[in-house]
Amino acid sequence: MKKALRTEVIEEVKWYVYVYSDPETHQIFYVGKGNGNRVFQHLDDKSETEKVRKIVEIRSRGAEPVIEFVRYGLTEADSLMVEAAVIDTLGIRKLTNIQRGWDSRSCGRVSVDDVITSYAAPVIKDIVEDVIIVVINKLYRTDFTPQELYEATRSCWRLSARRSKVAYAFSVFSSVLKEVYQVDRWHEVTTVEGKQRWAFEGRVAGESVREKYKGKSVSGFRASKEQNPIKYVNC
């Protein structure tokens, strides 16, 4: 029998944030937000996702996932914030969620040092090299390994022919330059949605370049509210 909330319940709970967990381990594996009967829709999902595979695995044991409200009676805006906070607290790598949550780029889980640096970093006054600024706000985590930071920066981007002039890629989070990469070459990649994008192959730049820019703010070259994560300088 398909699960559904009664109309009077829907009216009372309004927008909400919910979690799915494994009944055997009590481990939360999915965090969501919604209203109406959104909380039950995953039970009938047939997509090829990690979340669906987990539900199928639980059912193969003759059980059902445990579904709980974290908060209810919310506005839509409140539900967005609560969902993002729960995902950041649990850690996206422990969940089957694909994304961290709404606006995690500006108020998500980051270290105190990252926040302080974003407001106190000295501003870069001049860039003489041919550079592409790559903003990874939606991908960045404080606990990134060097390899994870490189992978988040190099791929997959919608770029113009100007990419061929780029000598260095600036990896930027919250306006602060986290690393500088020397770009050796570009190659075309296909996303899971079938879109054609570009990625670079490269390496950490030499110390003379890194010392000039790493840890400093690019706010003089890119407004913090710009939507496009890509900015060319001198290209």
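Given the structure is predicted, the values throughout are model-derived calculations rather than measurements.

*Asks:* Teacher, can you tell me more about the sheet that holds strand E8 (residues 230-233) here?
*Replies:* Hydrogen bonding along the main chain pairs the strands of a sheet, whether they run parallel or antiparallel. Overall, mixed pairing links the 5 strands, which are arranged E7-E6-E5-E4-E8 in an open sheet. Edge positions in the sheet fall to strand E7 (196-204) and E8, since each of these pairs with one other strand and no more. The average undirected angle you get between the axes of adjacent strands in this sheet is 40°. With 6 bridges connecting them, strand E5 (residues 168-173) and strand E6 (residues 176-190) associate as antiparallel partners. When the sheet's bridge partners are listed, Ala169 is paired in E6 with Tyr181.

*Asks:* Where do I start with the pairing of strand E2 (residues 28-34) in this structure?
*Replies:* Where a strand is regular, its side chains alternate between the two sheet faces. Along E2, 5 of the 7 residues are buried, which leaves the element largely enclosed by surrounding structure. As paired strands, strand E1 (residues 15-21) and E2 are joined by 6 bridges and run antiparallel to one another. Bridge assignment links Tyr16 to a residue of E2, and that residue is Gly34. Between E1 and the antiparallel strand that follows it, E2, lie 6 residues; His26 among them carries a positive phi value of about 65°.

*Asks:* Please clarify how the pairing of E5 should be interpreted in this entry.
*Replies:* With respect to burial, E5 is a largely interior element, 6 of its 6 residues being buried. Residues Tyr168, Phe170 and Val172 point to one face of E5 and Ala169, Ser171 and Phe173 to the other, with burial holding for every one of them. The pairing of strand E4 (residues 131-135) with E5 spans 5 bridges and is classified as parallel. Looking at the pairing, Ile133 lines up with Phe170 of E5.

*Asks:* Got a minute to help me understand the nonpolar core in this structure?
*Replies:* Soluble globular proteins: nonpolar side chains tend toward being buried together. Counting 21 residues, the largest nonpolar core has Ile132, Ile136, Leu159 and Trp186 as the members making the most contacts within it. In this structure Trp186 touches Ile132, Leu159, Arg163, Val166, Trp198, Ala199 and Phe200, once residues within four positions along its chain are discounted. Ranked by size, the runner-up nonpolar core spans 15 residues in total, among them Ile127, Val131, Phe170 and Leu177.

*Asks:* Help me understand the sheet that holds E1 in this model?
*Replies:* The strand order E2-E1-E3 describes an open sheet built from 3 strands, whose pairing is antiparallel. Pairing within the sheet leaves two strands with one partner each, and these edge strands are E2 and strand E3 (66-74). Adjacent strand axes in the sheet meet at a mean angle of 15° when their direction is disregarded. Packing of helix H3 (residues 50-60) onto the sheet brings it into contact with E1 and E2, and relative to E2 it is tilted by some 120°. Of the strands in this sheet, E1, E2 and E3 are in contact with helix H4 (residues 76-90), which crosses E2 at around 165°.

Reading the values: rules and limits
Residues numbered from 1 in each chain as written. Predicted model: local features only at pLDDT ≥ 70, side-chain atom pairs only at ≥ 80, totals over all residues. Heavy atoms only, no water. Pairing = 2+ DSSP bridges. Helix = DSSP H or I, 4+ residues; strand = E, 2+ residues; numbered from the N terminus. Axes fitted to C-alpha atoms, helices over the stretch in contact; angles between N-to-C directions. Buried < 20%, exposed > 50% of the residue type's maximum accessible area, 1.4 Å probe, protein only. Core = buried A, V, L, I, M, F, W, Y, C linked by side-chain atoms within 4.5 Å. Contact = heavy atoms within 4.5 Å.

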